[in-house]
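Here is how the chains run, residue by residue.
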Amino acid sequence: MAEEDPNGNKENTSDNSPRWGPNNEGAKTLKNLYTKEKRIQELISFYTCVVLLLWHFYYILNNLYSSSFGYTFFALFLGILSADFASGVVHWAADSWGSVDLPIVGKAFIRPFREHHIDPTAITRHDMIETNADNFMLAILPVSVCIYLFHFRPGDVSSFYNFSVYVWFFMLFVCMTNQIHKWSHTYFGLPAWVTTLQNLKLILPKQHHRIHHVSPHETYFCITTGWLNWPLEKIRFWTALEHCITAVTGVEPRTDDMKWTK
Ligand SMILES: [Zn+2]
Ligand SMILES: [Zn+2]
């Protein structure tokens, strides 16, 4: 007998070894690979990034005269689009390539993606740090570069101010991406403003993200707003990229992911 869970996975309930969900043996193994060291890396990444984002925002406010309202709105839009695209690239790379067995990065950064496919609701049980810290870590370097420029080249602010506003919005949405992704898997207790944003398609809607969760998880990788999923699928962006990589390296995509779902 096959059942479909709210996240679109078909669960085989005919034996004692479910293919999906928290009782899947692979899901349990992956959950147990979340270590104390990983938690420390997440705590450092999260709080460092919060301080840096606020520091960068302080410089932006202090130099507001360097830009216009129109540009700020444009930078916001471009930042959201960039974050959606970046979420797709990172998600696609981690889903399709590499292995949990890789030294350091495997357990620390690829493991959560494998866990998410065989137990999509696990993310709804993760706290704020486990859900968001790796995304916050990605924002540390770009935001640090902007702070460096404001601090050490105050005379050149007009030359980098607009770009730095774009970087700030881009990184803000990178930081918010996995929280938005978590909400797309949360079916109970969401605040009304979150479901409103989902219904308006301003953040990743639930039904939209279900398309990615149909095995073999080979499309709809963008998880900030999902706006780029349809056009990227139309031009077969991910498939073309995978063909190029396989042609050069001989490695097939998703071999590690399929190993875990079995
Ligand atoms: Zn995925
Ligand atoms: Zn998901």
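Residues numbered from 1 in each chain as written. Chains lettered and ligands numbered in written order. Predicted model: local features only at pLDDT ≥ 70, side-chain atom pairs only at ≥ 80, totals over all residues. Heavy atoms only, no water.

### With respect to the UniProt feature "domain: Lipid desaturase" (unreviewed entry) in the chain
Then comes step 1: The UniProt record marks residues 80-256 with the feature "domain: Lipid desaturase" (unreviewed entry), using the residue numbering of this structure.
Then comes step 2: Helix makes up 67% of residues 80-256 and strand makes up 0%, while its end C-alpha atoms are separated by 31 Å. (UniProt positions renumbered as here; feature names shortened; annotations may be inferred. Helix = DSSP H or I, 4+ residues; strand = E, 2+ residues; numbered from the N terminus.)

### Description of the pattern of salt bridges
Then comes step 1: As enumerated under the stated definition, the model contains twelve salt bridges in all.
Then comes step 2: The residue R254 makes a salt bridge to E218 at a minimum N-O spacing of 4.0 Å. Taken as a pair, R254 in the loop between α10 (237-249) and α11 (255-261) and E218 in the loop between α8 (206-210) and α9 (229-234) lie far apart in primary sequence, 36 residues in all.
Then comes step 3: Through salt bridges with shared partners, a single ionic network connects D101, R114, D256 and K259. (Salt bridge = Lys/Arg side-chain N within 4 Å of Asp/Glu carboxyl O.)

### A few points about the environment of F169
Then comes step 1: Here F169 lies in helix α6 (residues 157-184).
Then comes step 2: The contact partners of F169, leaving out residues within four places of it in the chain, are T72, A75, L76 and G79. (Contact = heavy atoms within 4.5 Å.)

### A few points about the UniProt feature "transmembrane region" (unreviewed entry) in the chain
Then comes step 1: Per the UniProt entry, the sites bearing "transmembrane region" (unreviewed entry) are residues 43-61, 73-94, 135-152 and 158-176 in this numbering.
Then comes step 2: Annotated as 100% helix and 0% strand, the span residues 43-61 places its first and last C-alpha atoms 27 Å apart.
Then comes step 3: Within the segment residues 135-152, helix and strand shares are 100% and 0% respectively, and the terminal C-alpha atoms sit 27 Å apart.

### Regarding the coordination of the zinc ion (ligand 1)
Then comes step 1: Here the zinc ion (ligand 1) is held by the protein donor atoms H91 (NE2), D95 (OD), H117 (NE2) and H212 (NE2), which lie 2.1 Å from it.
Then comes step 2: All donor residues of the zinc ion (ligand 1) come from one chain, and their arrangement in sequence is H-x3-D-x21-H-x94-H.
Then comes step 3: The metal-metal distance between the zinc ion (ligand 1) and the zinc ion (ligand 2) comes to 6.0 Å. With H91 in helix α3 (residues 69-96) and H117 in helix α4 (residues 105-118), this residue pair connects regions lying 26 residues apart in the sequence.
Then comes step 4: Here H91 falls in the buried class, since its relative accessible area comes to 3%. (Donors = N, O, S within 2.8 Å, 3.2 Å for Na, K, Ca; no water. Buried < 20%, exposed > 50% of the residue type's maximum accessible area, 1.4 Å probe, protein only.)

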